[in-house]
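Listed here are the chains, written in short residue letters.
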Amino acid sequence: MRNSLGREIPDEWLRKTGKEVYRGPSFRCESSYRKAAPTVRSARLDGHSKVVDSIRSVLEKCGVHDGMYFGFHHHFRDGDYVINLVMKEVAAMGVRDITICASSMGTAHDYIDELIEQGVVSSIQSSGVRGRIGEAISYGKLKRPAVIRSHGGRVRAIEEGDIHLDIAFVGAPTCDEYGNARPVGGKSDCGVLSYSMADARYADKVVVLTDCLVLFPNVPASISMTDVDYVCVVDEIGDPKKIVSNVIRETKDVRELMMADYCARIITESPYFRDGFSFQTGGGGAALAVTKLLRRPMEESGVSIGFAIGGIMKAMCDMMDDGLVKKIVDAQVFDSFAIEHIKRNPNHVEISTSEYANPMNKGAYVNRLDFVILGALEVDVDFNVNVITGSDGIVRGAPGGHPDTAAGARCSIIVAPLIRGRIPTVCDRVLTVTTPGETVDVVVTDYGIAINPRRADLLEAYKYSRLPIMTIEELRDIAYGITGRPDPIPFEDEVVALVEYRDGTILDVIRKIKE
Amino acid sequence: MLFLNAQKPSLIKDPYVYRPDSIMLDLEDAVAENQKDAARYSLFHALREIDYRGVERVVRINGLDTPYWREDIRVCVAGGCDSIRIAKTESAGDVIAVEREVEKAEREFGREIGSTLLMAAIESARGVLNVLEICESSERLFGVALSGGDYTKDLQTKISKTGIELAGARQLMVITARAAGVQCFDTVYTDLDDMDGFRAEVEMDKIMGFDGKSLINPRQIAPVHEIYTPTAKEIVFAEKVVREIETKRAQGIGVFTVDGKMIDIAFYDGARKTLAMARAAGVYDGAL
């Protein structure tokens, strides 16, 4: 069956999953549902220690068995040890057919590829899949198709009961013996634990893994003792050097700076640039440069940011310290400066991922966002964006909060070079839709800027602008004029991944790559 | 004028996205001795295949003391460049020698005679002293440019940030170019990390009367445009001057004041130039 973007979703998978096809970004707005709930075993009265001496013992106490769903977070990013530590023990116990539901996975988890081959892991449900796992998905190694969800979509799926986590494993920089976990202190500081909050609330069993046991009570706790079954102390939960990068990549690439300048001008020339506006950007070179470039026009026009959403880096913290940002609501920190900043600044606060981006709760921050700057691997003439499949058709990206922020923001801005190597970014039809074009407002490239014709207000706002504004078709023609039209990538019929929209409908499918 | 190594496809494929006024594709210093052929090949195809979207395409050919310059000229003309920059120009004879070869190539490749313009890079003390004869040597010659690196070597000194070592050459070249009615471009600023120093130098160039600057990195384009583009205040004033002079002239009045400043006919051309610059920079679309 075709969805409203014209993507063919095989009936077989609609039947098997009970899902509907995508019907627009507001399709499920204001609909009612009953939230899922975990099974809880209440505590004893003696306030006993929840510390268990090994991962093996924890797994045994949780009654681990074939076919379970495990939750993990990605706050340790490329420095994460937790997934591999747990899964190694699971494999050693002879357990099979596990579904890993991690908020994101990357090169730190290449080891999981081996477990996929062995049948220990049979599926992946995540907001980001990179490295060897991405290849494993694309080559059809999983027993069941992967499910790719946005950050908001993942929390929704947990709260609505689409995913029922049997065990949530929460890596925490500090924890007390009764299960109060914090994202700061210890040796693996990660600033926030936003992505694990839903896991802890909705999983039947919750295990905190830490490498720094602290005195009770470890407060204010991001993960509360009320939700935690066991605490397991391990030697290391991650590599601190890879958890945060202390090197802020301040780009000197002229092309990136030029695109950043275009983005900043799109913001300042728009009707939504006014005192108290809200803003989110990613961690790339151009995105970081936008934050810096906004400083001068903000100072000149006496405009400050009402709230900024994290991923947060030093540049945004500096702006808060200089009185240009009133609040930072943070679901992810990108550098050590931001970690220190959240510890000392009461206006820089940790939020849950549900607060950040869940489309099916009663209100998320993205719904009140004015501007977001996002990247793209491909954008098509309908403004649909692909951030998952590479030019070789292999899964190698992460939607993260892309579809969530694009849907919520008044002005969503995609920034990407028109051509990467010999690959055109703006094209007739993206390989995989991860963010629907009806939620994408502006596409900024090094060759020019396209405004989505659905946004008459923005077209009007930039009518007399000196920015190089053109149509998306013109951008495509320039790109194809230089690179030629790429040959289609050969795929087989087999579906290897389902791309879910944030509301749980099916946006697209990814097929097995032809070997 | 943005310098680009003609041999690097990544540089020459789309420099127009940075919106320079002109690009200078280099066959000379940026290209190794054993790569001259490859660079010419790449240059020819770039000139033929790439739509540079109105950005003028200047090619710097190898010096007349090398075995490369004649073939360089054939490739430039065959490719259809807008202009050729003559390296190490020291006399009118250098320009005339190049002009002869260019005309030969224009005939060979069926290009309109005279369609390929020339500019001369002045890179030595002798060149600076001969700049008037160089400026007046050819109808094709539209401008001269100071090349500070080689010039200071010849002067047995080096580039400093004070600019004192270049002061004489700069002043002499601008005065001479103006006298001869050709354009004059200042040398490159090589410290890419010192954008404040770069801006100060461009501001000085503008005050001195230079028509533009040679650039080595796209990052330097925006400051040059910003400094050379007339401000809104300057545009409004220039409009008033032009209008007042035209009105007063009809009334037989020669000297009068505009916004408290004394104005006479001598201000007319300057005001017209300001408006023309503003129009070229895309910040003015008035009736004048």
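Values in this document were obtained by computation on a predicted structure and should not be read as measured data. (Residues numbered from 1 in each chain as written. Chains lettered and ligands numbered in written order. Predicted model: local features only at pLDDT ≥ 70, side-chain atom pairs only at ≥ 80, totals over all residues. Heavy atoms only, no water.)

Peer 1: Would you mind going over the domain arrangement of chain A with me for this structure?
Peer 2: Interfaces are often sized by the amount of accessible area the parts lose when they come together. Residue and element names in this part refer to chain A. Under the domain assignment, chain A is made up of domain 1 (49–243) and domain 2 (254–493). The centre of domain 1, based on its C-alpha atoms, is set 29 Å off from the matching centre of domain 2. Counting residues at the interface gives 33 residues for domain 1, matched by 31 residues for domain 2. With both sides pooled, the region where domain 1 packs onto domain 2 buries about 2400 Å², and carbon together with sulfur makes up 59% of that total. (Domains from an automatic or database assignment. Contact = heavy atoms within 4.5 Å. Buried area = accessible area lost by both parts, 1.4 Å probe.)

Peer 1: Sorry if this is basic, but what is going on with unusual backbone geometry here?
Peer 2: What is expected of a backbone is that most residues other than glycine have negative phi and most peptide bonds are trans. A cis amide bond links Phe216(A) to the next residue, Pro217(A), at an omega of -5°. Examined against the element boundaries, Pro217(A) turns out to sit in the loop between β10 (213–214) and β11 (230–233). Cis geometry marks the peptide bond from Val219(A) to Pro220(A), where omega comes out at -10°. Position of Pro220(A) among the secondary structure elements: in the loop between β10 and β11. Positive phi is not limited to glycine here, since Phe383(A) has a value of about 70°. Checked against the element boundaries, Phe383(A) lands in the loop between β17 (378–380) and β18 (385–386). Residue Arg53(B) is not a glycine yet carries a positive backbone phi of 50°. As for its placement among the helices and strands, Arg53(B) is situated in the loop between α2 (36–49) and β3 (56–60). (Helix = DSSP H or I, 4+ residues; strand = E, 2+ residues; numbered from the N terminus.)

Peer 1: Which parts of the structure should I look at to understand the interface of chain B and chain A?
Peer 2: Taken together, the contact between chain B and chain A spans 14 residues of the former and 12 residues of the latter. For the pair chain B and chain A, the summed buried surface comes to about 1100 Å²; carbon and sulfur atoms form 49% of the total. For chain B, the biggest contributors to the area lost against chain A are Val17(B), Tyr18(B) and Arg219(B); these three give 42% of the whole. The interface formed by chain B and chain A includes 2 salt bridges. Notably, a salt bridge pairs Asp14(B) with Arg255(A), separated by 2.7 Å at the nearest N-O pair. The residue makeup of the side of chain B that touches chain A, split by class, is 6 nonpolar, 2 polar and 6 charged. (Salt bridge = Lys/Arg side-chain N within 4 Å of Asp/Glu carboxyl O. Nonpolar A, V, L, I, M, F, W, Y, C, P; charged D, E, K, R; others polar.)

Peer 1: Would you mind showing me how to read empty space enclosed by the protein here?
Peer 2: Unfilled space is identified by rolling a water-sized probe across the atoms. Residue and element names in this part refer to chain A. In this structure the tally under the stated criterion is 3 cavities of 30 Å³ or more. In this structure, the largest cavity encloses a volume near 50 Å³. Taken together, Thr281, Leu288, Thr291, Ile309, Gly311, Ile312, Met313 and Met316 make up the lining of the largest cavity. Taken together, the residues of the lining of the largest cavity break down into 5 nonpolar, 3 polar and no charged. Computed from the structure, the second largest cavity encloses a volume of approximately 40 Å³. Within the residue set of the lining of the second largest cavity, elements represented by two or more residues are α3 (82–92) and β6 (167–172). (1 Å grid on protein atoms, 1.4 Å probe; cavity = no way out; pocket = protein on both sides within 12 Å on 5 of 7 lines; lining within 4 Å. Points joined across faces, edges and corners; volume = space filled by probe spheres on them.)

Peer 1: It is not clear to me how the sheet that holds strand β4 (residues 83–86) of chain B should be interpreted in this structure. Could you clarify?
Peer 2: Sheet strands associate in pairs through backbone hydrogen bonding, adopting either a parallel or an antiparallel arrangement. Residue and element names in this part refer to chain B. The strand order across the open sheet built from 8 strands is β1-β2-β3-β4-β5-β6-β7-β8, with neighbouring strands paired in parallel fashion. Strands with a single pairing partner mark the edges of an open sheet, and in this sheet they are β1 (2–5) and β8 (212–213). Summarising the sheet, strand β5 (residues 117–122) and strand β6 (residues 141–146) pair through 5 bridges and their orientation is parallel. In the sheet register, Ala121 faces β6, and the bridge partner there is Ala145. Strands in contact with helix α8 (residues 164–180) are β5, β6, β7 (183–186) and β8; relative to β6, the strand with the most contacts, it is inclined by about 170°. (Pairing = 2+ DSSP bridges. Axes fitted to C-alpha atoms, helices over the stretch in contact; angles between N-to-C directions.)

Peer 1: What is the right way to look at the pattern of salt bridges in this model?
Peer 2: If charged atoms from side chains of opposite charge come close, those side chains can pair. What the rule picks out here adds up to 72 salt bridges over all chains. Between Asp428(A) and Arg476(A) there is a salt bridge whose closest N-O contact spans 2.8 Å. Of this pair, Asp428(A) sits in the loop between β22 (426–427) and β23 (442–444) while Arg476(A) sits in helix α16 (residues 472–483), and the two are 48 residues apart along the sequence. Judged by its relative accessible area of 27%, Asp428(A) is partly exposed. Among the residues examined, Arg476(A) registers a relative accessible area of 16% and is labelled buried. Between Asp191(B) and Lys161(B) there is a salt bridge whose closest N-O contact spans 2.8 Å. Here the residue Asp191(B) occupies a position in the loop between β7 and α9 (195–208), and Lys161(B) occupies one in the loop between α7 (148–154) and α8, the gap between them amounting to 30 residues. (Buried < 20%, exposed > 50% of the residue type's maximum accessible area, 1.4 Å probe, protein only.)

Peer 1: Would you take a moment to explain the environment of Glu49(B) for this structure?
Peer 2: Residues and elements named next belong to chain B. Positionally, Glu49 belongs in helix α2. Here Glu49 falls in the exposed class, since its relative accessible area comes to 62%. Considering only alpha carbons, one finds Glu49 and Tyr18, 31 residues apart in sequence, at a separation of 19 Å.

Peer 1: Honestly, the packing of helix α11 (residues 232–251) of chain B against helix α12 (residues 268–280) of chain B in this entry has me stumped. Any pointers?
Peer 2: Axis angle and axis distance: for two packed helices, these are the angle between their axes and the distance between the axes, and together they describe the pair. Residues and elements named next belong to chain B. At a minimum axis distance of 9 Å, the contact between α11 and α12 shows a crossing angle of 135°. Regarding the angle of α11 to α12, the classification is oblique. As α11 packs across α12, the resulting crossing turns out to be left-handed. Taken together, the residues of α12 that come into contact with α11 (itself represented by Glu234, Ile235, Ala238, Glu239, Val241, Val242, Ile245, Glu246 and Arg249) are Tyr268, Ala271, Arg272, Thr274, Leu275 and Ala278. Partitioned by chemical class, the residues of the contact of α11 with α12 number 9 nonpolar, 1 polar and 5 charged. (Parallel < 35°, antiparallel > 145°, perpendicular 65-115°, else oblique. Left-handed = near helix turned anticlockwise from the far one by under 90°.)

Peer 1: In this structure, what is going on with the pairing of β5(B)? I would like to understand it.
Peer 2: Regular strands have side chains that alternate between both faces of the sheet. Residue and element names in this part refer to chain B. By the criterion of burial, β5 is predominantly enclosed, with 5 of the 6 residues buried. As paired strands, β4 and β5 are joined by 4 bridges and run parallel to one another. Each residue of the ladder has a partner; that of Ile86, found in β5, is Ala120. In the classification by handedness, the crossover that spans β4, the intervening helix α4 (residues 92–108) and the parallel β5 is right-handed. (Right-handed = clockwise from strand over helix to strand, strands pointing away.)

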